[in-house]
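# Fold and contact review
Okay, here's what each chain looks like letter by letter:
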Amino acid sequence: MIVPTMAEMMAQGKQPEVLFWVGAAGSYDDRAKKISRAFVKILHAANVDFAVLGTEESSTGDAAKRAGNEFLFQMQAMMNIEVLNGYEVKKIVTCDPHSFNTLKNEYPELGGKYQVYHHTQFIQNLISEGRLKIDETTLQGKRVTFHDPCYLGRANEVYESPRDLIRRLGVNLTEMKRNKSTALCCGAGGAQMFKDAEAGDKEVNVLRTEDALETKPEIIATGCPYCNTMMTDGIKFKEKETEVVVKDIAELIAEANNL
Amino acid sequence: MQYLPNILFAIALIAGIGFFAMNIRKLTRNIKLGKDINRTDNKSERWKNMIKIALGQSKMVRRPFSGFLHIIVYVGFIIINIEVLEIIIDGIFGTHRIFQGFLGDSFYGFLIGTFEVLAALVFIAVILFWTRRNVANIKRFLSREMKGWPKNDGNFILYFEMVLMSLFLVMNATDLAFQQAGVGNPISQFIAPLFDGFSPETLHTIERTAWWIHILGILVFLNYLYYSKHLHILLAFPNTFFANLKPKGQFNNLASVTNEVKLMMDPDADPYATPETGEEEVVPEKFGASEVTDLNWVQLLNAYTCTECGRCTSSCPANLTGKKLSPRKIMMDTRDRLEEVGRNIDANGGTFKDDGKQLLNDYISPEELWACTSCNACVEECPVNIDPLSIIMDMRRYLVMEESAAPQELNMMMTNIENNGAPWQYNQQDRLNWANEE
Ligand code: SF4
Ligand code: SF4
């Protein structure tokens, strides 16, 4: 798979249209890597001139900030901003709502001002510009429910872009009882991903999976690598792996278009 | 002797309003104990929010049943105040139903008739509220933090409303002249027969008594507010005005940290540089919050505004799955501690004397703070735009940056970010491996 880096682009004297911010999960987590690859396939299919930072990318610091470590967050942010500004990056796209939120909202005050897109917004733009079409026959009629990631939904009020893409897949989109602004967290945010939950009587991801299962879905669509992991674990916990799959919207589009 | 009632009334009025004003001064003093924060930008959007959310109750109706009942009580409360105005004028000048002559029978009748209908609706709404609170097993009214005073407080106000509304109707029903005029008594005409056979003098005494208890009740109610979650009927307005306008995911930037990080990252900076002459050796700033005075004044205003409705808690994923965290409790604790600090200051002649307590640990435990997923459901849900998450985050910051007291796994995660640029222990050089797998 061809994934050009900014350094390579620079060596050729080129400035890509957009920087793909892969994020730590998208780079290292086995499940999330598949999302990164699916998204790159889409970028290629739409002839998008893009690049990644590769080994020059570092954690955005989101998890450190939510955990309360403002020092570490700002150090990460300033390092990343130096790299991004060095390459004169203007436009960034990412599959990770946490990176999206941090780059978009929290970097400007530290000197990093970019146009930042979640991949569902970016793909939606590609479609409206006529650069990409989604084949609506492959997944036609499948029952799909969408889990809103907190950092895309409530945090940034992006509710429609993912839904618009899902509808274009020709599937049957059903909403959970808690959706959009009232959606329940998957349980991973605020650095919870990296620690055990406090004592309680249930895990958050299990409760959220129950919300999803009530809609009797064949596919649970997500737009966040952490949500993806949490919902996948929830499905395993409920022993429903044979009936329900958890897929990122980018994966669904790549699948629909046979990429 | 003739002027005795007028004088008594004036005394009651001045005492009631004076005591209230005194408490309001205490309230603003306490709120100002918070750190400064600028929330005066973008005024037009702020006014719009206030009108929509506080005046227009737009977030209340997201839960239609309680939202609808709340609007009845709220509209009733505001409109019946016109009647209170008449009571006050009558009370001071010894007149009786001064607006009647002023506005003419038919318009006056229309007004009072509207009030009577509203009073009846409020009465019904309050009964339904009471039933919801005490009979229907609604989870958010049964939480841990809703025992004792918070529970009683919720009920007291409902009893208050019931009594005030009844007195208003009885006052009208026993006003012989008013009943005989036959306008403006759509409800009280059905109460009037209860008093059939009473002598005009007795009726007059009942009318006067109801009138007096009604106005005294209103003054007591006014002063009760300060001690109650019902302070929200006043503070909802400034609170929605000063609420955060930025995207909910954007957490504030700690400028004090920025300065230190810049120093650390700047190879030319001399960490041992002596401060220039004339420049004071500044006390290093405390990072995050362990006490109410470390919070900003908007957060403290939030605490006083909280209506303890529990909408936040009932949508909190941590709370829904049985964890100790309840965003409502965070707000209640903040207010309780702030009140305690305020009383301490009053008792010690204007300065706070260390009482060996603070918000962290004595009120809010780290276990609660660490259970938060920062999902913003509480912020979204709050009908008066309170931000419990900001307090949770500021307290986490204190735990991590001042006390290095994060849970062990989080410390590992942070070490990994520091060393490997990722929350996991992977080599930075492997960051692009994903592109070539498959
Ligand atoms: S932000 Fe924290 S306190 Fe608020 S609802 Fe989410 S988990 Fe609960
Ligand atoms: S913070 Fe808001 S939602 Fe929560 S109890 Fe207080 S008023 Fe209700």
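The name given to chain B in an unreviewed UniProt entry is (Fe-S)-binding protein, with the source organism recorded as Polaribacter haliotis.

Going by what an unreviewed UniProt entry lists, chain A is known as (Fe-S)-binding protein and is assigned to Polaribacter haliotis.

## Details of the UniProt feature "domain: Cysteine-rich" (unreviewed entry) in chain A
Within this structure's numbering, the places UniProt gives as "domain: Cysteine-rich" (unreviewed entry) are residues 28-103 and 144-231 of chain A. Counting secondary structure, residues 144-231 of chain A comes out at 30% helix and 11% strand; the distance between its end C-alpha atoms is 14 Å.

## Section: the confidence of the model for chain B
All names here are of chain B. The predicted model of chain B averages 92 in pLDDT, with 96% of residues at 70 or higher. Averaged over each element, pLDDT in chain B is lowest for helix H11 (residues 255-265) (87) and highest for helix H12 (residues 297-305) (98). Interface confidence for the predicted complex, expressed as ipTM, amounts to 0.95; the pTM equals 0.93.

## Here's the deal with the site of ligand 1
All names here are of chain B. In the vicinity of ligand 1 there are 13 residues, among which Cys316, Cys372, Cys375, Asn376 and Cys378 approach most closely. Secondary-structure elements contributing two or more residues to the shell around ligand 1 are helix H17 (377-381) and helix H18 (388-402). By residue class, the composition of the shell around ligand 1 is ten nonpolar, three polar and no charged.

## Some details on the domain arrangement of chain A
Where interface size is given, it is often the accessible area lost as the parts come together that is meant. All names here are of chain A. What the domain assignment reports for chain A is domain 1 (6-128) and domain 2 (134-257). When domain 1 packs against domain 2, the two sides together hide about 2,300 Å² of surface, and 68% of this comes from carbon and sulfur. When residues of domain 1 are sorted by the area they lose upon contact with domain 2, Arg31, His98 and Thr120 head the list and together hold 22% of the total. Joining domain 1 to domain 2, the criterion identifies one salt bridge. Between Arg31 and Glu251 there is a salt bridge whose closest N-O contact spans 2.9 Å. Connecting domain 1 to domain 2 are nine residue pairs in polar contact (both at pLDDT 80 or more). Where the side of domain 1 that touches domain 2 is concerned, the elements lending two or more residues are helix H3 (30-45), helix H4 (62-66), helix H6 (97-106) and helix H7 (119-128). Here the side of domain 1 that touches domain 2 gets seven residues from one element, more than from any other, and that element is H3. Residue composition of the side of domain 1 that touches domain 2, grouped by class: 13 nonpolar, eight polar and six charged.

About the thresholds
Along every chain, residues carry numbers that run from 1 in the direction the sequence is written. Naming scheme: in the order in which they are written, chains are lettered from A and ligands are numbered from 1. The predicted origin of the model limits local features to residues at a pLDDT of at least 70 and limits the giving and counting of side-chain atom pairs to 80 or more, whereas totals for whole chains, interfaces and linings rest on all residues. Neither water nor hydrogens contribute to the side-chain values; these are computed over all heavy atoms in the structure. UniProt positions are given in the numbering used here, feature names are shortened, and annotations may be inferred rather than shown by experiment. Helix and strand definitions follow DSSP, with helices as H or I runs of at least four residues and strands as E runs of at least two, each counted in order from the N terminus. Think of pLDDT as the predictor's per-residue confidence, scored from 0 to 100. Summary of the distance rule: residues count as near a molecule or strand when at least one heavy atom falls within 4 Å of that molecule or strand. By the convention adopted, Pro, Cys, Tyr, Trp, Phe, Met, Ile, Leu, Val and Ala count as nonpolar, Lys, Arg, Asp and Glu as charged, and the other residues, Gly among them, as polar. Here the bounds of each domain stem from an automatic or database domain assignment. Accessible-area loss on putting two parts together, using a 1.4 Å probe and summing over both, is the definition of buried area adopted here. Here, a salt bridge means any side-chain nitrogen of Lys or Arg that lies within 4 Å of a carboxyl oxygen of Asp or Glu. A 3.5 Å cut-off defines polar contacts: any pair of N or O atoms within that distance qualifies, except that in protein one atom must be a possible hydrogen donor and the other a possible acceptor, and neighbouring residues in sequence count only when both atoms are side-chain atoms.

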